[in-house]
Amino acid sequence: MGFWSSIGSAISGAARAVGSVVSSVASTVKNVASKAWEKTKEVVAKAVNWMAEKAETFVGSVKKVWQSVRPFIDTHVRPLVQAAAKVAPWPWLKGALTALDKGLAYVSAFDRSPLAKKLDYAIRWVINAAKNMKETLLKKPEEVEQANERKQVFEEAIAQMPAEEAKSIQLAAMINDFVLVQTAIKNTFDKNEISDFEHYLRLRATQKLLKYAEQTLNGATDIEQISEDDIFLLKASAGLLASKPELSNADAVRLDDIIQKRYRKKLIPFVFEEMVMAWGQNLGELEKQLKTDTTTLSKNTVLLRRLEMAKKISDISAEEEIVLNQMKTETAALKSQVDALSAHTREKRNYVYAAEGFLQTLEKSQEELIAEGRDYLAEEGGQVGMIIIDCAQHGRKWETLSEEDQMLIIDYANIFKEESEIRAQQLIEVEVGA
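A few points on the structure. (Residues numbered from 1 in each chain as written. Predicted model: local features only at pLDDT ≥ 70, side-chain atom pairs only at ≥ 80, totals over all residues. Heavy atoms only, no water.)

Observations concerning the overall build of the protein chain
- Secondary structure assignment for the protein chain yields 19 helices and 0 strands.
- When burial is assessed residue by residue, the protein chain has 47% of its 434 residues classed as buried.
- Taking contacts inside the protein chain between residues at least 6 apart in sequence as the whole, the part at least 24 apart equals 81%.
- Accessible area for the protein chain stands at about 21,800 Å²; split by element, carbon and sulfur atoms hold 53% of it. (Helix = DSSP H or I, 4+ residues; strand = E, 2+ residues; numbered from the N terminus. Buried < 20%, exposed > 50% of the residue type's maximum accessible area, 1.4 Å probe, protein only. Contact = heavy atoms within 4.5 Å. Areas by Shrake-Rupley, 256 points an atom, 1.4 Å probe, with all protein chains shown as cover.)

Given below as structure tokens:
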């Protein structure tokens, strides 16, 4: 089970537990249609997980997708990630430093245990970092390791301290997490390395969470305006971008709850829409390349016909004969290239648009989809999802599917073509307008 699969299982498990309690209290009985929708949602959730984990089966190398998406993220998102350096120190930092000083006083009075000594050192580091946020990035691997050690110290201390004193330690942990996240994002872009789609989704989810957290950090005038949920968003962000991603089941459920309350989205669609956006953007780049290659092929074909016609109606020189033979070879090779790219683009288009349908099934309620006249998706979405899961599990290529299965995916995908293209465009528009 992949990282996001485990997160999805934790959230759905919690939802089932709540639903079971509600059901037993209300003594309600789900109708057949509702059960069909629940089954469909389970299948499509598994399908998008499989599509992310086995992405090369559907859309090709993550490196190629990353190269088509990165220019937009690099241009419009990285400046946002670096925005804190321009406004720091934040207005609330003065109050935070006072709170951290109180935390130090508590530690001094607490005892001189190994934990107290580590906490004293960690708080002092954070105080210096808070005073110099413009310059604070972790430049060496050992500095990142030390930041992760501070993270553990803060968590251990918070569990043992009274609520009032623990708030100052939570603020210290938040600043430490902010530095960790900023550093991890910068390193990812500097190295230009995305290992797989799971890594890509963790990066994008973290960028979005950081953007939300920054809205609070930039606007808060005192520490009381920073809630435990704001602190938690940075904790979750740091966990997602750790070399070994960390998000416990309890934290996954809490993050899902915060995102639903604040942004009216569930965590899994919140994450996987980034996959659909990236694939849609990459599909657009492929279609542009196909159009360019097709135009070149058309021009070459016309020129080749002229040369062949010239040869038929009159003798051509030895030099022209060489050009003719070269044109035949080049045109044949280009035609093969265009045919392959056309088939690949057509196949990818079906999977990308189908993924949009899955995402909408997860995003929207049964009532919303029925109101849109899409109640038939309860059956079709599940069928398409099972086909895609089979492809992912067994590495099946498009051409190995039966004509019936291909047509089912094509018909389902075509329903969501326009909306998929609109979502892909959001990758540009949302970040530009942020």
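Details of the environment of serine 298
- Tracing the backbone through its elements, the reader meets serine 298 in helix H14 (residues 267-313).
- Since its relative accessible area comes to 41%, serine 298 is described here as partly exposed.
- Serine 298 sits 37 residues away from lysine 335 along the chain, and the two C-alpha atoms are 9.5 Å apart.

Looking at helix H12 (residues 228-240)
- In this model, H12 (13 residues) spans 18 Å end to end at C-alpha, consistent with the 18 Å of a helix rising 1.5 Å per residue.
- Of all 13 residues in H12, 10 are buried, a share of seventy percent or more.
- Within H12 the residues assigned to the buried category are Asp230, Ile231, Phe232, Leu233, Leu234, Ala236, Ser237, Ala238, Gly239 and Leu240. (Expected span 1.5 Å × (residues − 1).)

Quick notes on the nonpolar core
- Trp92 and Trp279 are the most contacted members of the largest nonpolar core, which has 115 residues in total.
- For this core, the leading source of residues is helix H10 (residues 163-191), giving 14 residues.
- Setting aside residues no more than four positions away along its own chain, tryptophan 279 makes contact with Met51, Ala55, Val59, Val65, Phe197, Val352 and Ala355. (Core = buried A, V, L, I, M, F, W, Y, C linked by side-chain atoms within 4.5 Å.)

Looking at the packing of aromatic side chains
- Summed over all chains, the structure comprises 5 aromatic pairs.
- Aromatic side chains tyrosine 212 and phenylalanine 270 sit 6.2 Å apart centroid to centroid with 35° between the ring planes, which places their arrangement in the tilted category. Of this pair, tyrosine 212 sits in helix H11 (residues 197-219) while phenylalanine 270 is found in helix H14, placing the two residues 58 residues apart along the sequence. There is no split in this pair, since tyrosine 212 and phenylalanine 270 are both buried.
- Judged by centre distance (5.8 Å) and plane angle (90°), the ring pair of tyrosine 351 and tryptophan 398 falls under edge-to-face. On the criterion of sequence distance, the pair formed by tyrosine 351 in helix H15 (residues 318-363) and tryptophan 398 in the loop between helix H17 (377-394) and helix H18 (403-415) is long-range, its members being 47 residues apart. When sorted by exposure, tyrosine 351 lands in the same class as tryptophan 398, which is buried.
- Put simply, the rings of Tyr212, Tyr263 and Phe270 pair up and form one aromatic cluster.
- One cation-aromatic arrangement involves arginine 254 over phenylalanine 232; the distance from NZ or CZ to the ring centre is 4.4 Å. (Phe/Tyr/Trp six-rings, centres within 6.5 Å; stacked < 30°, edge-to-face > 60°. Lys NZ or Arg CZ within 6 Å of the ring centre and 35° of its normal.)

Notes on the packing of helix H8 (residues 114-131) against H10
- Running from amino to carboxyl end, H8 crosses H10 at an angle of 60°, the nearest separation of the two axes being 10 Å. Accordingly, the angle class assigned to the pair H8 and H10 is oblique. With respect to the hand of their crossing, H8 and H10 are arranged in left-handed fashion. Residues Leu119, Ile123, Trp125, Val126 and Ala130 of H8 form the contact with H10, whose own contacting residues are Ile169, Ala172, Ile175, Asn176 and Val179.
- Its residues placed into classes, the contact of H8 with H10 shows 9 nonpolar, 1 polar and no charged. (Axes fitted to C-alpha atoms, helices over the stretch in contact; angles between N-to-C directions. Parallel < 35°, antiparallel > 145°, perpendicular 65-115°, else oblique. Left-handed = near helix turned anticlockwise from the far one by under 90°. Nonpolar A, V, L, I, M, F, W, Y, C, P; charged D, E, K, R; others polar.)

Focus: the pattern of salt bridges
- By the definition in use, this model includes 23 salt bridges.
- With its nearest N and O atoms 3.0 Å apart, the salt bridge here joins lysine 208 to glutamate 274. Within this pair, whereas lysine 208 is found in helix H11, its partner glutamate 274 is found in helix H14, the two being separated by 66 residues in sequence.
- For lysine 208, a relative accessible area of 10% puts it in the buried group.
- Between glutamate 285 and lysine 288 there is a salt bridge; the shortest N-O distance is 3.8 Å. Pair noted here: glutamate 285 and lysine 288 are both in helix H14, with a separation of 3 residues, about one helical turn. (Salt bridge = Lys/Arg side-chain N within 4 Å of Asp/Glu carboxyl O.)

By themselves, these are just geometric observations and shouldn't be taken as functional.
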